[in-house]
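# Structural description and commentary
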Amino acid sequence: MSQLPDVIGFPLEEAIEHCKTMGYTVNILLARPVREFSGEKLRVVRFKLVSKNKGELTVVYEDTMKGGG
């Protein structure tokens, strides 16, 4: 059993590179918010195995304008 890439929270470019080094090709799914957003940087929120060496990265725009409570 091969290990899956642990790329949750990675910037998109870094996640793609990490997946490549582990031997995976990836498709990108972009999840967009319903309302307006201020983010420009894409972050990975999910890696889903599609086939033996192929995965799917779900990415969202990072909202840097909102802070934690």
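It should be noted that the structure appears before, not after, this text.
Predicted model only: the values in this text are computed from it and were never measured. (Residues numbered from 1 in each chain as written. Predicted model: local features only at pLDDT ≥ 70, side-chain atom pairs only at ≥ 80, totals over all residues. Heavy atoms only, no water.)

### Digging into the nonpolar core
Listed in full, the 10 residues of the largest apolar core are Val7, Leu12, Ala15, Ile16, Cys19, Tyr24, Val44, Phe47, Leu57 and Val59. Put simply, the parts of the chain that give this core at least two residues each are helix 1 (12-21), strand 2 (42-51) and strand 3 (54-61). The element that contributes the greatest number of residues to this core is helix 1, accounting for 4 residues. Beyond its immediate sequence surroundings of up to four residues, Leu12 is in contact with Ile28, Leu42, Val44, Leu57 and Val59. (Core = buried A, V, L, I, M, F, W, Y, C linked by side-chain atoms within 4.5 Å. Buried < 20%, exposed > 50% of the residue type's maximum accessible area, 1.4 Å probe, protein only. Helix = DSSP H or I, 4+ residues; strand = E, 2+ residues; numbered from the N terminus. Contact = heavy atoms within 4.5 Å.)

### Observations concerning the environment of Phe47
Looking at where Phe47 falls in the secondary structure, it is placed in strand 2. Residue class for Phe47 comes out buried when judged on its relative accessible area of 14%.

### Here we look at the sheet that holds strand 2
Spatially, 1-3-2 is the arrangement adopted by the 3 strands of the open sheet, whose pairing is mixed. Across the chains shown, the open sheet's two edge strands, defined by having one partner strand only, are strand 1 (25-31) and strand 2. Pairwise comparison of adjacent strand axes, ignoring direction, gives a mean angle of 25° for this sheet. Note that strand 2 and strand 3 share 8 bridges and pair antiparallel. If you follow Val44 over to strand 3, its bridge partner there is Val59. Here helix 1 sits on the sheet and contacts strand 1, strand 2 and strand 3; the angle it forms with strand 3, its principal contact strand, is near 170°. (Pairing = 2+ DSSP bridges. Axes fitted to C-alpha atoms, helices over the stretch in contact; angles between N-to-C directions.)

### Observations concerning the pairing of strand 3
Consecutive side chains of a regular strand alternate in pointing toward one face of the sheet and then the other. Pairing analysis gives 7 bridges linking strand 1 to strand 3, with the strands arranged parallel. Looking at strand 3, one finds that Ala31 is bridged to Val60.

### Overview of the packing of aromatic side chains
For the structure shown, the criterion picks out 1 aromatic pair. Relative to Phe47, the ring of Tyr24 lies with its centre 5.8 Å away and its plane at 80°, an arrangement referred to as edge-to-face. One end of the pair, Tyr24, is in the loop between helix 1 and strand 1; the other, Phe47, is in strand 2, with 23 residues separating them in the sequence. A single burial state applies to Tyr24 and to Phe47, both of which are buried. (Phe/Tyr/Trp six-rings, centres within 6.5 Å; stacked < 30°, edge-to-face > 60°.)

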